[in-house]
Amino acid sequence: MAPLEHAVSCQNVTVRFVTEERAVTALEDVSFTVPAGGFLTLLGPSGCGKSTLLRVVADLITPSSGTVEVLGKTAEQARLDRSLGFVFQDAALLPWRTALENVALPLEVGGGLKPDSRFTSPRDLLALVGLSGWEQSYPHQLSGGMRQRVAIARALLGGPRLLLMDEPFGALDEMTRDRLNEELRRIWAETGTSILFVTHSVYEAAYLGEQVLVLSPNPGRVVQQVTVDLPRERSLALRDTPHFVEIAAALRAMLGKVTP
Amino acid sequence: MSQSVNPSASSALSGLSADEMAFAQARQKARLRRRIMPVLGVASVLLLWAALVYWLKVPPFIAPSPQMVAVTLWEKSGLLWTNLVPTMIESVAGFLLGNLAAIVIATVFVHKKTLEEAFFPVVVVINTIPVVAKAPILVLLLGNGMEPKIAIAALICFFPTLVNMVRGLESVNPQAMELMRVLSASKREVFFKLRLPHSLPYLFSALKIAASTAVIGAIVGEWIGSTLGIGALIIQATYAFDSALLYATVIVGSCFSMSFFLLISLLERLALRQTALPNS
């Protein structure tokens, strides 16, 4: 098998919704790629369809037109092969299951894991996200940040080659968010999973992403795909360097042009 | 007896424990108060009742004294028990039947939206007919045995459980539903792993209502046509102006209804022990 060039490749994707009152174009003619093993952040104001785009890649929404290729397959096939993990805005844990049981959910549904899966141990994954010792806790006993860690561990079960994250740290306080950003970089480096990450925070987009895809709203269009010129090893202190501030300012200027 | 080995540590400990003792004592007092107050309340109402009957010289065919009711409960316990048993069977059978039907139909509704759209209004219309109006229809249809009473008890349980169960099954977190789709879960897995456990708190709050309404249903059924049962005994005692027996029967009936409710609450606690209730 030839090595994959792109983890995700979207060409001319358009998504239209018909609601009871009117038809809405959420995305118009969006094309972008995520290199294999890459980390792409989707940045844009609310209403730019970034969550919709993520759901198109996850085969939760079928585009009205355009093609989507995920790991060299159709989005549907990638989903059926358990090639993707999804982390939602709220952790979406099942409150009647312990942290460990929540992480183990993918083992119990949809035919379980594929035979050649990596990361098959829920316990090890909880350790990877820094939650050793919390296995038997229920979601309501965990803090918001811890719940998102459990959700990340659950998404990583089976070792998906693509991780889709929909503003997973949006509801967390800044300190927790910073720490999780740092850890996500570490998890990305350790697991080698490609990540597509939605955010509306300029700092988060620049700090996390190897590349940033800037989107404009109403309807969602690609403004530019920017390569973030930062070292692979990143600490939080990096965000105070002039170079980082410059990158963030450039991204904000791009957003400023598209948001009135 | 504890001996202090390390004076500083022990003083720190005793300082803490004095506070804690005071707290524990205050809490115990509050707890005792919570227990005693309702008992005092009930006792004072009974006393007032006895006093009113005595001073106003209320004749026994209008209202009995509490002592008379107590004596009747004791002396006619055989008669009361014989009449309680059919009511118990009818309400429990009706409870099981009505709730089971509601759970099954709610499951069908959630999976087949068309059926819900077509038949939910029908269910609402049937529910708007008062029980006392439904009862004679069912007696005509099902005869004079236990069947119409079971049917009435079942009908009365059915609606609240159906509504709550549909809500419980449908109100799952949309992101959890998306998660299930990302995991390619089957409809069956979505139901058993997500919808059903999510609906349990909703189901149990309906079951607790049903536990008391099922007994009402059975008693109302017995009013219409029956010679045995709490409902029948209420009618007989009323027509015989045997107020003591009437009150005793009512007490027996409500004791049963209360125990039924408590049993369901206990089951709820066992079933939802580990779950954070949606409102908590």
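Residues numbered from 1 in each chain as written. Chains lettered and ligands numbered in written order. Predicted model: local features only at pLDDT ≥ 70, side-chain atom pairs only at ≥ 80, totals over all residues.

Caption draft 1: Summary view of the overall build of chain B. Helix and strand counts for chain B come out as 10 helices and 0 strands. Along chain B, helices (α) and strands (β) appear in the sequence α-α-α-α-α-α-α-α-α-α when read from the amino end. For 280 residues, the compact-globule estimate of 2.2 N^0.38 gives 19 Å, and the C-alpha radius of gyration of chain B, at 26 Å, exceeds that figure by more than 25%. Projected onto its principal axes, the C-alpha positions of chain B cover 80 × 70 × 30 Å. Within chain B, buried positions represent 33% of all 280 residues. Intrachain contacts of chain B at a sequence separation of at least 6 include 78% that bridge at least 24 residues. (Helix = DSSP H or I, 4+ residues; strand = E, 2+ residues; numbered from the N terminus. Rg over C-alpha atoms; globule rule 2.2 N^0.38 Å. Buried ≥ 20, exposed ≤ 12 C-beta atoms within 10 Å, placed from the backbone. Contact = placed C-beta atoms within 7 Å.)

Caption draft 2: Representation of the overall build of chain A within the structure. Of regular secondary structure, chain A possesses 9 helices and 10 strands. In terms of overall dimensions, chain A is globule-like: its C-alpha atoms have a radius of gyration of 18 Å, near the 18 Å expected for 260 residues. In terms of its C-alpha atoms, chain A occupies a principal-axis envelope of roughly 50 × 45 × 40 Å. Taking all 260 residues of chain A together, the buried fraction comes to 43%. Considering only contacts within chain A whose residues lie at least 6 apart along the sequence, 72% involve residues at least 24 apart.

Caption draft 3: Just the sheet that holds strand β6 (residues 84-87) of chain A, in detail. Residue and element names in this part refer to chain A. Strand order in the open sheet formed by 6 strands is β6-β7-β8-β3-β9-β10, and the pairing between neighbours is mixed. One side of each edge strand has no neighbouring strand; the edge strands of this open sheet are β6 and β10 (221-227). Ignoring strand direction, the axes of neighbouring strands in this sheet form an average angle of 15°. Note that β6 and strand β7 (residues 162-166) share 4 bridges and pair parallel. By the bridge assignment for β7, Leu84 is matched with Leu162. (Pairing = 2+ DSSP bridges. Axes fitted to C-alpha atoms, helices over the stretch in contact; angles between N-to-C directions.)

Caption draft 4: Examining the interface of chain B and chain A more closely. Taken together, the contact pairs 18 residues of chain B with 19 residues of chain A. Classifying every residue of the side of chain B that touches chain A by side-chain character gives 9 nonpolar, 5 polar and 4 charged. (Nonpolar A, V, L, I, M, F, W, Y, C, P; charged D, E, K, R; others polar.)

Caption draft 5: View of the sheet that holds strand β2 (residues 23-35) of chain A. Residue and element names in this part refer to chain A. Pairing is antiparallel across the open sheet formed by 4 strands, whose spatial order is β2-β1-β4-β5. Two strands bound the open sheet, and with one partner strand each, they are β2 and β5 (73-74). Relative to β2, strand β1 (residues 6-18) is paired through 9 bridges, and the arrangement is antiparallel. Residue pairing for β2: Val15 is matched across the bridge by Leu27.

Caption draft 6: Quick look at helix α9 (residues 230-239) of chain B. Residue and element names in this part refer to chain B. Taken together, the buried positions of α9 are Ile230, Gly231, Ala232, Leu233 and Ala237. On the buried face of α9, the contacting elements are α3 (77-111), α8 (187-224) and α10 (243-271). Positive phi shows up at Phe241, right after α9, with a value of about 55°.

Caption draft 7: Fine view of α8(B). For α8(B), which comprises 38 residues, the first-to-last C-alpha distance of 45 Å sits more than 12% below the rise-based estimate of 56 Å (1.5 Å per residue). Considering bend angle alone, the principal kink of α8(B) is centred on B:Leu200 and spans about 45°; proline B:Pro201 follows within four residues of it. (Expected span 1.5 Å × (residues − 1). Bend = angle between axes of the 7 residues up to and from the residue.)

Caption draft 8: Structural detail: the packing of α3(B) against helix α6 (residues 147-170) of chain B. Residues and elements named next belong to chain B. Between α3 and α6, the shortest axis-to-axis distance is 6 Å and the interhelical angle comes to 35°. Viewed along their axes, α3 and α6 form a crossing whose handedness is right-handed. Classifying every residue of the contact of α3 with α6 gives 21 nonpolar, 5 polar and 3 charged. (Left-handed = near helix turned anticlockwise from the far one by under 90°.)

Caption draft 9: Layout of the nonpolar core. Core analysis: the biggest nonpolar cluster contains 83 residues, and A:Val57, A:Ala153, A:Leu164, A:Leu196 and A:Leu251 have the highest contact counts within it. In terms of residues, this core owes the most to one element, helix α6 (residues 144-156) of chain A, which gives 6 residues. Each residue touching A:Leu251, except ones within four places of it in the same chain, is listed here: A:Leu43, A:Val202, A:Ala205, A:Ala206, A:Val212, A:Val214 and A:Val226. Counting residues in hydrophobic clusters, the runner-up holds 49 residues, among them B:Met146, B:Phe204, B:Ala211 and B:Phe260. (Core = buried A, V, L, I, M, F, W, Y, C linked by C-beta atoms within 7 Å.)

Caption draft 10: Just the packing of α3(B) against α10(B), in detail. Residue and element names in this part refer to chain B. Taken N-terminus to C-terminus, the directions of α3 and α10 make an angle of 40°; their axes are 11 Å apart at the nearest point. With respect to α10, the axis of α3 lies oblique. Handedness of the crossing formed by α3 with α10: right-handed. Contact residues: α3 offers Leu80, Leu84, Thr87 and Met88, while α10 offers Ala248, Thr249, Val252, Gly253 and Phe256. Across the contact of α3 with α10, the residue classes break down as 6 nonpolar, 3 polar and no charged. (Parallel < 35°, antiparallel > 145°, perpendicular 65-115°, else oblique.)

Caption draft 11: Geometry of the confidence of the model for chain B. Residues and elements named next belong to chain B. With 92% of its residues at a pLDDT of 70 or more, chain B shows a mean pLDDT of 88. Element-level pLDDT for chain B is lowest in helix α1 (residues 7-55), with a mean of 81, against a maximum mean of 96 in α3. We note a pTM of 0.83 for the whole complex and an ipTM of 0.91 for its interfaces. (pLDDT = per-residue confidence, 0-100.)

Caption draft 12: Region of interest: the pairing of strand β4 (residues 65-70) of chain A. Residue and element names in this part refer to chain A. Where β1 lies against β4, 5 bridges are found, and the strand directions are antiparallel. In the strand pairing of β4, Gln11 is matched with Thr67. Direction of pairing for β4 relative to β5: antiparallel, over a ladder of 2 bridges. Looking at β5, one finds that Glu69 is bridged to Thr74. The hairpin turn running from β4 into β5, its antiparallel successor, is 2 residues long, and Leu71 in that turn takes a positive phi close to 55°.

Caption draft 13: How the structure looks around the environment of A:Glu233. Residues and elements named next belong to chain A. Position of Glu233 relative to the elements: it lies in the loop between β10 and α9 (242-258). Look at Glu233 and you get exposed, because 9 C-beta atoms sit within 10 Å. For Glu233 and Arg186, which are 47 residues apart along the polypeptide, the C-alpha to C-alpha distance reads 8.7 Å.

Caption draft 14: Molecular detail of the environment of A:Ile247. Structurally, A:Ile247 can be placed in helix α9. Among the residues examined, A:Ile247 registers 22 C-beta atoms within 10 Å and is labelled buried.

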